[in-house]
Amino acid sequence: MSEIATPPNSASEPARTLIGRLKDNDLLASFLSSKVTVAAGIVTVILFLAALLAPWIAPTDPFNPATNYLSDSFDPPSFIASGDPRFLLGTDDQGRDMLSAILYGLRVSLAIGFCSVALGALIGVSLGLVAGYAGGWTDSAIMRIADVQLTFPAILIALLLDGVAHALLNPANRDESAFAVLVLSIGLSFWVQYARTARASTMVEKNRDYVLAARLIGLSHARILFSHILPNVMGPVMVIATINLALAIITEATLSFLGVGLPPTQPSLGTLIRIGQNYLFSGEWWIVTFPSLTLAALVLAVNLLGDWLRDALNPRLK
Amino acid sequence: MTGPLLSVRDLRVEFATRKGPLVALDGVSFDIAPGEVLGVVGESGAGKSLTGLAVIGLLDSPGRIAGGEIRFDGERIDNLPQTRMRLIRGGRIGVIVQDPLTSLNPLMRIGDQLTETILAHKPLGRRQAREQAIAWLGEVGIPSPEKRIDGYPHEFSGGMRQRVVIALALCAEPALVIADEPTTALDVSVQAQIISLLKNLTRRHGAAVMLITHDMGVIAETADRVAVMYAGRIAEIGEVRELVRNPLHPYTQGLMAAIPTLAVRARRLMQIPGAMPRL
């Protein structure tokens, strides 16, 4: 008697649990398959956690003048013969513990990076969606503005915006507004990339049948744009956002290094590097070296993650 | 109800080109009675789908309705503003598009796509809409709909997706369904299921159907009347039986003769000589 293959039981659905989904997730598999990416991921997570937990894990509070003594200034790192065991990475000119300053600086740098990426993405994606969907003169108007902005380097735009904002603001609360001004100027200098990406994807997606089907259902343009097209455009936008996070952090560091960014009272990594480079030639190398290394590690790790994401989400490379 | 549900009179659709208007539909007239199934056949480019698009007011620029009128349920709809047309689209006229593989949003749960449609056209709450969506999935023959409703389109086979698309077109209980080649993308065994599902469902809900297809076999099985289109005009329109048995227009005669049969062993398939004139 011949055997009949029994069809698989339709009731046994594939595992719908989170872990079950993660296990057969292509993205995770491609992440784990590259050692460099895993290393970058680990470094990123460590740095993110360090930034997030800075108030709890930092040995001292670098912003509290009561615990910082000028007598401790310029102490070398503790692993050097003349070092002070209290300060693992040495102290700066104010007697602040460098390790704590770096942890807090990382926090500030990342916060500015995330906020400006969010702002840039919000502006860019909205304008790009509208431009790509509406077409015609709306498209031309938005994209010509974008083209004009692209002729200036992003750092120049950020400097310009930063300068204008500082000129307009009351000098008394300059320090408090520095964060917002930086986020605004970096966010505004990066929106073009998001707009171009979102526009290109929208122009592809809007001719897909599911958009036609949504129109056939009788949905409004706004509804189609935001609940049907937007999710399908987010893939490439996420890739740009990851790579731009590194760029935004670098831009913030550059601005702070140039002295138009954050003040020394709430230092970011860039501010620390600016302070430190004053003492490079007098032999206090640790003040500039450790913030620079942290910045380099952060940007490199985020960039590697961005590259991986770009390749993993690109169907043509599969 | 008296009078036709959909009445198209002397419909003329033009596309603006650099060399002046290109007439894509010329003097197309037909009626669909409530509950009736009208088949529309013709070769590619004859204007079948264009007629469907014109009826629901989705002709994209540079195409436009240049003449004639379209009445739906007695009301003229060819010149309605977009906001009012949106209520008719999906609500009173449902549309089934050609390719179920691409006409569902890949990133949206099918349940959300169904409830979105129901909510857009019916005064219901989210929960009620979801219940209705489940009921519709069951009605189009999706097993265990209360589970599958939270699935994404890629978790469904082509035939199942076309069932979902049919549920989408019908869930607002339209009086007219325009099915634009609903089976072209499916394989033959599934085609028959989908056609009989479409036929049964629209009959049960009393909806009229405008069935656009290449397939005379589907028309003969499903439609009450059939319109044969050629080069932007209706060549012949009439009862299916009558037209199949006794085609009057030479093009229709050619079309009938070109249907391959298994009964007669032909050396060569019949074909219609020549191509449609360039418009």
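Trainee: Describe in detail the nonpolar core, supporting the description with residues and values.
Mentor: Counting residues in hydrophobic clusters, the biggest one holds 106 residues, and the most contacted among them are A:Leu106, A:Tyr194, A:Ile229, B:Ile96 and B:Ile166. When residues of this core are assigned to their parent elements, the largest contribution, 14 residues, is made by helix α5 (residues 98-134) of chain A. Among residues more than four places away in sequence, those in contact with B:Ile166 are B:Ile96, B:Val140, B:Ile194, B:Leu197, B:Leu198 and B:Leu201. B:Leu50, B:Val97, B:Ala208 and B:Ile212 belong to the second largest nonpolar core, which has 39 residues in total.

Trainee: Any chance you could break down the environment of B:Gly68 for me, citing the residues and the numbers?
Mentor: Residues and elements named next belong to chain B. Mapping Gly-68 onto the fold places it in strand β4 (residues 63-72). A relative accessible area of 32% places Gly-68 in the partly exposed class. Considered as a pair, Gly-68 and Ala-227 are 159 residues apart in the sequence and their alpha carbons are 18 Å apart. Setting aside anything within four residues of it in sequence, one finds Gly-68 in contact with Arg-9, Asp-10, Leu-11, Arg-76 and Asp-78.

Trainee: Provide a residue-level description of the pairing of strand β2 (residues 20-32) of chain B, including the pertinent values.
Mentor: All names here are of chain B. For strand β1 (residues 6-17) and β2, the ladder comprises nine bridges, and the chain directions are antiparallel. Considered in β2, the bridge of Leu-6 is made with Ile-32. A loop of two residues connects β1 with β2, the two strands running antiparallel in sequence.

Trainee: Outline the sheet that holds strand β6 (residues 93-96) of chain B, listing residues and values.
Mentor: Residue and element names in this part refer to chain B. Reading across from one edge, β6-β7-β8-β3-β9-β10 is the order of the six strands in this open sheet, with mixed pairing throughout. The sheet is open, and its two edges are formed by β6 and β10 (233-239), each paired on a single side. Between one strand and the next, the sheet's axes are offset by a mean angle of 15°, whatever the strand orientation. As paired strands, strand β9 (residues 225-230) and β10 are joined by six bridges and run antiparallel to one another.

Trainee: Describe the interface of chain A and chain B, and please don't skip the residues or the numbers.
Mentor: With 19 residues of chain A at the contact, the number on the chain B side is 24 residues. Together, the buried faces of chain A and chain B total about 1900 Å²; carbon and sulfur atoms form 54% of this surface. It is A:Arg215, A:Leu216 and A:Ile217 that lose the most area in chain A upon contact with chain B, and together they represent 33% of the buried surface on that side. On the surface where chain A and chain B come into contact, there are one salt bridge. For B:Glu116, the salt bridge goes to A:Arg223, with nearest N and O atoms at 3.0 Å. Elements with a contribution of two residues or more to the side of chain A that touches chain B: α9 (209-217) and α10 (221-258) of chain A. For the side of chain A that touches chain B, the leading source of residues is α9(A), giving seven residues. For the side of chain A that touches chain B, a count of residues per class yields eight nonpolar, six polar and five charged.

Trainee: Account for the pattern of salt bridges, with residues named and values stated.
Mentor: All names here are of chain B. Tallied over the full model, the rule gives 22 salt bridges over all chains. A salt bridge links Glu-173 to Lys-122, with the shortest nitrogen-to-oxygen separation between them at 3.2 Å. Placement of the pair is Glu-173 in the loop between α6 (158-170) and β7 (176-180) and Lys-122 in the loop between α3 (110-121) and α4 (126-139), with a sequence separation of 51 residues. A salt bridge links Asp-150 to Arg-130; its shortest N-O distance comes to 3.3 Å. Of the two residues, Asp-150 sits in the loop between α5 (145-148) and α6 while Arg-130 sits in helix α4, which places them 20 residues apart along the sequence.

Trainee: Please give an account of helix α3 (residues 35-52) of chain A that cites residues and values.
Mentor: Residues and elements named next belong to chain A. The terminal C-alpha atoms of α3, which comprises 18 residues, lie 25 Å apart, in line with the 26 Å expected from a rise of 1.5 Å per residue. Within α3 the residues assigned to the buried category are Thr-37, Ala-40, Gly-41, Thr-44, Leu-47, Ala-50 and Ala-51. Check the buried side of α3 and you find it contacts α2 (26-32), α4 (54-57), α5 and α12 (286-312).

Trainee: I'd like a rundown of the packing of aromatic side chains, residues and numbers included.
Mentor: All names here are of chain A. Scanning the entire structure with this criterion turns up three aromatic pairs over all chains. An angle of 65° between the planes, with centres 5.1 Å apart, marks the rings of Phe-31 and Trp-308 as edge-to-face. You can see Phe-31 sitting in helix α2 and its partner Trp-308 sitting in helix α12, a full 277 residues away along the chain. A relative accessible area of 17% means that Trp-308 is categorised as buried. Relative to Phe-114, the ring of Phe-48 lies with its centre 5.6 Å away and its plane at 75°, an arrangement referred to as edge-to-face. Placement of Phe-48 in helix α3 and of Phe-114 in helix α5 is noted, with a sequence separation of 66 residues between them. Phe-48 sits in the partly exposed class, given a relative accessible area of 28%.

Trainee: Give a detailed account of the side chain of A:Ser109, specifying residues and quantitative values.
Mentor: Residue and element names in this part refer to chain A. Topologically, Ser-109 is positioned in helix α5. Under the relative-accessibility criterion, Ser-109 is labelled buried at 0%. A distance of 3.2 Å separates a polar side-chain atom of Ser-109 from the backbone nitrogen of Leu-269. Those residues within four positions of Ser-109 in sequence are excluded, and the remaining contacts are Ile-249, Glu-252, Ser-268 and Leu-269.

Reading the values: rules and limits
Residues numbered from 1 in each chain as written. Chains lettered and ligands numbered in written order. Predicted model: local features only at pLDDT ≥ 70, side-chain atom pairs only at ≥ 80, totals over all residues. Heavy atoms only, no water. Core = buried A, V, L, I, M, F, W, Y, C linked by side-chain atoms within 4.5 Å. Buried < 20%, exposed > 50% of the residue type's maximum accessible area, 1.4 Å probe, protein only. Helix = DSSP H or I, 4+ residues; strand = E, 2+ residues; numbered from the N terminus. Contact = heavy atoms within 4.5 Å. Pairing = 2+ DSSP bridges. Axes fitted to C-alpha atoms, helices over the stretch in contact; angles between N-to-C directions. Buried area = accessible area lost by both parts, 1.4 Å probe. Salt bridge = Lys/Arg side-chain N within 4 Å of Asp/Glu carboxyl O. Nonpolar A, V, L, I, M, F, W, Y, C, P; charged D, E, K, R; others polar. Expected span 1.5 Å × (residues − 1). Phe/Tyr/Trp six-rings, centres within 6.5 Å; stacked < 30°, edge-to-face > 60°. Polar contact = N/O pair within 3.5 Å; in protein donor to acceptor, adjacent residues only side chain to side chain.

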